[in-house]
Amino acid sequence: MANKRFKIIYLELTNACNFTCDYCPIDQQTRAKQVMPQSFAENIIGQIADGEMTDFLTFHVMGEPYMHKNLCELTGYAEAKGLRVRLLTKGSVLEDDRYQALFDAGLTRLEERFRPPND
């Protein structure tokens, strides 16, 4: 690996989440809950890869990346462009077929956080 400008770049595919955890500021944000369009995400991923900005791309910031319907496709696209994808999820919406599809797409690393939400 060559020295890249950034060690890791985080890409927020969505700021929507299916949890309301007391430690997370997501409910205080004023922007609308949205999902990034696949073409826009691919454009960003392409720029990151083509600009050789990092080796590691993490899908996570405020939202639950598993809520993005094109998560598997975006993972495959990024991995094919030479980026090592790390996916952070709360694991509440893991489905066997989609779980397998992520690894079939070349997912480098899956991290699940099992801290329970507030009731």
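Residues numbered from 1 in each chain as written. Predicted model: local features only at pLDDT ≥ 70, side-chain atom pairs only at ≥ 80, totals over all residues. Heavy atoms only, no water.

(A) Structural detail: the overall build of the protein. Counting secondary structure elements, the protein contains three helices and four strands. The C-alpha radius of gyration computed for the protein amounts to 14 Å, which stays within 12% of the reference 14 Å derived for 119 residues, consistent with globular compactness. Along the first, second and third principal axes, the C-alpha set of the protein runs to 45 × 35 × 25 Å. Long-range contacts, defined as pairs at least 24 residues apart, comprise 72% of the intrachain contacts of the protein with a sequence gap of at least 6. (Helix = DSSP H or I, 4+ residues; strand = E, 2+ residues; numbered from the N terminus. Rg over C-alpha atoms; globule rule 2.2 N^0.38 Å. Contact = heavy atoms within 4.5 Å.)

(B) The nonpolar core, seen in detail. The biggest cluster of nonpolar side chains holds 21 residues, and the ones touching the most others in it are I45, L57, F59 and L87. With residues up to four places along the chain from it excluded, the contact list for F59 reads L11, L13, I45, P65, L71, L74, T75, V85, R86, L87 and L88. (Core = buried A, V, L, I, M, F, W, Y, C linked by side-chain atoms within 4.5 Å. Buried < 20%, exposed > 50% of the residue type's maximum accessible area, 1.4 Å probe, protein only.)

(C) Spatial organisation of unusual backbone geometry. The phi dihedral of E52 falls on the positive side, at around 50 degrees, and the residue is not glycine. For E52, a relative accessible area of 53% gives the class exposed.

(D) Looking closely at the sheet that holds strand β3 (residues 84–89). The sheet built from four strands is open, its strands ordered β1-β2-β3-β4 with parallel pairing. At either end of the open sheet lies a strand with only one pairing partner, and these are β1 (9–11) and β4 (109–112). The mean angle between the axes of side-by-side strands here comes to 20 degrees, regardless of whether they run parallel or antiparallel. Relative to strand β2 (residues 56–59), β1 is paired through three bridges, and the arrangement is parallel. If you follow L11 over to β2, its bridge partner there is F59. Against the sheet, helix α2 (residues 71–80) engages β2 and β3, with an angle of about 150 degrees to β3. (Pairing = 2+ DSSP bridges. Axes fitted to C-alpha atoms, helices over the stretch in contact; angles between N-to-C directions.)

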